[in-house]
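Secondary and tertiary structure notes
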Amino acid sequence: MSYQDEYKPASFRGVPFVVSSGDTTVGRRTVVHEFPLRDLPFPEDLGGKASEFVVEGFLIGDEYISDMKRLIAALKTAGPGTLVHPSLGTMQVALAQPGRLREQFIERRGMVSFSLAFVEAGDAAQPSTDIDTQQAVDDAADAAYGSMGDDFASMFSIDGAPAWSMQSIIDEIGYVTDAVGSVQSAIHFDLSALSQLISAGAIFKANVTGLLATPNALFTELSVQFRALVNLFDFSVAQGSSISPSSSLRSISNTANSNQLSSVQRSLTPANNFGNPSLPSSPMRNLLTLAQYGQPGTPYARPVIPTNTPVRRQQAANQAALCSAVARCAVVEAVRSSIYLPFTSADESTTVRADLYDALDQLMLDASDPVYAALHDLRSAMVQDITARGADLAQLSKLTLSASAPAQVLSYRLYGAGGYAAELTSRNQAPATVMHPLFLPGGVELEVRRVI
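Here goes a summary of the coordinates provided. (Residues numbered from 1 in each chain as written. Predicted model: local features only at pLDDT ≥ 70, side-chain atom pairs only at ≥ 80, totals over all residues. Heavy atoms only, no water.)

1. Quick look at helix 6 (residues 215-231)
For helix 6, spanning 17 residues, the distance from its first C-alpha to its last is 24 Å, which sits close to the expected 24 Å at 1.5 Å a residue. A bend of about 25° at Gln225 is the largest found in helix 6. Along helix 6, the residues that are buried comprise Pro215, Leu218, Phe219, Leu222, Ser223, Gln225, Phe226, Ala228, Leu229 and Val230. (Helix = DSSP H or I, 4+ residues; strand = E, 2+ residues; numbered from the N terminus. Expected span 1.5 Å × (residues − 1). Bend = angle between axes of the 7 residues up to and from the residue. Buried < 20%, exposed > 50% of the residue type's maximum accessible area, 1.4 Å probe, protein only.)

2. Focus: the pattern of salt bridges
For the coordinates displayed, the defined rule picks out 13 salt bridges. For Asp151, the salt bridge goes to Arg328, with nearest N and O atoms at 2.8 Å. Of this pair, Asp151 sits in helix 3 (residues 133-155) while Arg328 is found in helix 11 (residues 310-337), placing the two residues 177 residues apart along the sequence. We note that Asp151, like Arg328, is buried. The salt bridge involving Asp355 is made with Arg285; its shortest N-O contact spans 2.5 Å. Of the two residues, Asp355 sits in helix 12 (residues 346-364) while Arg285 sits in helix 10 (residues 283-288), which places them 70 residues apart along the sequence. The partly exposed category is assigned to Arg285, whose relative accessible area is 23%. Taken together, the shared-partner salt bridges in this structure form one network comprising Asp138, Asp142, Arg227, Glu333 and Arg336. (Salt bridge = Lys/Arg side-chain N within 4 Å of Asp/Glu carboxyl O.)

3. A look at helix 3
Here helix 3 spans 33 Å end to end across 23 residues, near enough to the 33 Å set by a 1.5 Å rise per residue. Those residues of helix 3 hidden inside the fold are in contact with helix 6, helix 11 and helix 13 (369-390). (Contact = heavy atoms within 4.5 Å.)

Here it is, written out as structure tokens:
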């Protein structure tokens, strides 16, 4: 191909002109380091140098004045513009120096010549930052315990309490530990983690008498019972995720013989769990059952204590402080556990976000100002985290087949490709009890990816 075939008519910002000559400066940014007693220098390459293009051109003809005005307007326009170079083609450039236009009104009428110096222009790239929304939730959960502990200490007191009143408090704390134990039983823990939880609960019950005189220490030990439910739970096993706050349970994956896994461990494998936060093995759902701890009409309702004497009023206040602490700790840890949930659909993330929002909102109704602010911060961080993680996930819809069909067939029918067969099978394993990918059941509502 000859140069005449590659030659392009020159223009800048759409204003054409004729080029008589041009200079191009290209190269690298190099700093030469010369050292004493060394004959050879060291050239340090600091990257490419901005390419410069000097164009000598002219406008000629009866319309040169209007063309010159258009060129002047193009040269005065802010920002980079498109230059069509005769030999180098189209590029984004900026005017490096003011252009100089020369008119001769006697010898060369009807013509204006000019010299323009351009420099290549790139994007104004700036450092970008990403917010770790999951860490923000974790930090907000930790921060909430400070104000909740102070609020508990302001309500709880055993000053002047008789022996029977103190015993009632101990019994109430025993009921709390039993409630925590019921949540532990509903969550599938590895035996090592379960033994740690049981041991921590036993130590707490044994030391509770000495903790009554120091409400802040009592609240701290009580909160540890709830934090351990999340810290010791292996989300990577239960949800098939690589994220987990605990590393003490990795021995499951290193077991020499998989047939030796216990039935509890088998029920936590991804093949049976499919990463669904609504399944019983999730700490979040089980912790939320304690969100209304002590409220009448709930499974964890407590007897109403009459307030006809000062001792009884303080006993009722202590019971209310304990119930409030249990509910708050349970909800805070439920929110913390959400950061480890690998959502599989936008609908799933929306449901979890709504449930946690409602639980926090209920706690904030009668909270003191410091506790309200802490729970508000936690709620904001949770909403931001789940919204960000669920934004790009698939949206679901319901489908009921008239008869059983293979997952591969349904995938082709819905999406025109068989690549979604495994997803259809796994997504409906729990709700539709799919036993084999060749037989997606008919007459049962199936969850399928919505076609947008």
